[in-house]
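Working through the structure, step by step
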Amino acid sequence: MSARLNRKEIRSPRAKSRKAVSRPALGRRTHKQTAFVFAGGGSLGAVQVGMLKALVTHRIIPDLVVGASVGAINGAYFAGRPTVEGVAELEQIWLRIRQEDVFPVSVRAGIAVLLAHRNYLVNPAALAHLIASLLPFKNIEDAVLPCYVVATDIYNGHDVCFSEGDAHKAVLASASIPAVFPPVRYDDRYLVDGGVANNTPISTAVALGARRVIVLPTGFSCSITEPPRNIVAMALHALNLMIMKQLLRDIELHSGKVEIIVVPPLCPVEVTPYDFSQTATLIPRAEQSTSDWLRKGGLQSEDIPHTMIPHNDNDDPDAPYLVPSLHP
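Residues numbered from 1 in each chain as written. Predicted model: local features only at pLDDT ≥ 70, side-chain atom pairs only at ≥ 80, totals over all residues. Heavy atoms only, no water.

Let us look at the overall build of the chain. Helix and strand counts for the chain stand at eleven helices and nine strands. Per-residue burial for the chain yields a buried fraction of 55% across its 328 residues. Here the analysis covers contacts within the chain between residues at least 6 apart in sequence; of these, 79% occur between residues at least 24 apart. Here the chain has roughly 14500 Å² of accessible surface; of this, 52% comes from carbon and sulfur atoms. (Helix = DSSP H or I, 4+ residues; strand = E, 2+ residues; numbered from the N terminus. Buried < 20%, exposed > 50% of the residue type's maximum accessible area, 1.4 Å probe, protein only. Contact = heavy atoms within 4.5 Å. Areas by Shrake-Rupley, 256 points an atom, 1.4 Å probe, with all protein chains shown as cover.)

The following block contains the structure:
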């Protein structure tokens, strides 16, 4: 089932009717309704895997999961296998992914776009196959943890939140970057990447009743020395910069309503969201960084990590940054 993001249309996971599933012992919970929010970021989604490894090792398990774009892929998988073993398998899946498994760009595809035969560059078959082989359930309501996948209606720009139904199609829609992949038809809607409307769906988690939101951002390519040369790489990099800016604004918008905690992303990052060659380095770096953050009491701090703030790795990390005001 899909629903436009409206508080009246999103049902709380506590009230939501769900099929009986076998649930493992899920570790330490807190008294607050806690959501893991997974942001988008292409190949930098590997960073989220490292974050998850540290969080589950410290027995930090949420009550619900919300994801958009690559965050929908990681979030949905984690909702189905929220265990140390499940995250270890997710790591192995990521280590096997190559660029051509997600973005099989060809000269023929570029010519087809130029001749206006189609409105997208990359055939989605490879990504669809990856998602189908990766997810541990077919229907969203069969996940172990309540799972919410955010996509965008291409006609009106509204968020569409899936809480049940075809998981493969919903996640594919959430990850379908406009012009890179074609829109995904789901019932009477045409859907694209959840990041177009809401790539860090904090508002979704708040509407679902979460009182504590733990955001797992991918970070951004703060250490590249030249612009991406590939069209798809440039589109992904630009979208990722938009994600980080939107995240900062979302934190300002909702911080007075709920507790928002952001797991610090990595810096420096020398790889773009198009490049999957550094996965084996990003995952252990993120795991170590998150473990150190947890040991230092990171879950008790609502400060914005300096690695989230727009910068390059030559900037002073202690320089102040003011989030642009939402009001003139």
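Here we take up the nonpolar core. Formed by 101 residues in total, the largest nonpolar core has its most connected members in Phe78, Phe103 and Val213. Excluding anything up to four places from it in sequence, Phe78 contacts Phe36, Phe38, Leu52, Val56, Ile61, Pro62, Val65, Val87 and Leu145. (Core = buried A, V, L, I, M, F, W, Y, C linked by side-chain atoms within 4.5 Å.)

For Val160, the location among the structural elements is in strand E5 (residues 159–162). Residue classification places Val160 among the buried positions, given a relative accessible area of 0%. Along the backbone, Val160 and Tyr148 are twelve residues apart, and their C-alpha atoms lie at a distance of 9.8 Å.

Let us look at the pairing of strand E9 (residues 259–262). In E9, alternate side chains face the same way, and those of Glu259 and Ile261 on one face and Ile260 and Val262 on the other are all buried. Bridging between strand E8 (residues 212–216) and E9 involves four bridges; their strand directions are parallel. Its bridge partner lying in E9, Arg212 is registered against Glu259. Handedness of the crossover is the feature at issue here: the chain leaves E8, passes through helix H10 (residues 231–254), returns alongside E9, and the resulting connection is right-handed. (Pairing = 2+ DSSP bridges. Right-handed = clockwise from strand over helix to strand, strands pointing away.)

A complete count under the given rule lists seven salt bridges for this structure. A salt bridge links Lys53 to Glu287, with the nearest nitrogen and oxygen atoms 3.3 Å apart. Of the two residues, Lys53 sits in helix H1 (residues 45–57) while Glu287 sits in helix H11 (residues 279–295), which places them 234 residues apart along the sequence. With a relative accessible area of 18%, Lys53 lands in the buried category. Each of Lys53, Glu91 and Glu287 takes part in one network of salt bridges that share partners. (Salt bridge = Lys/Arg side-chain N within 4 Å of Asp/Glu carboxyl O.)

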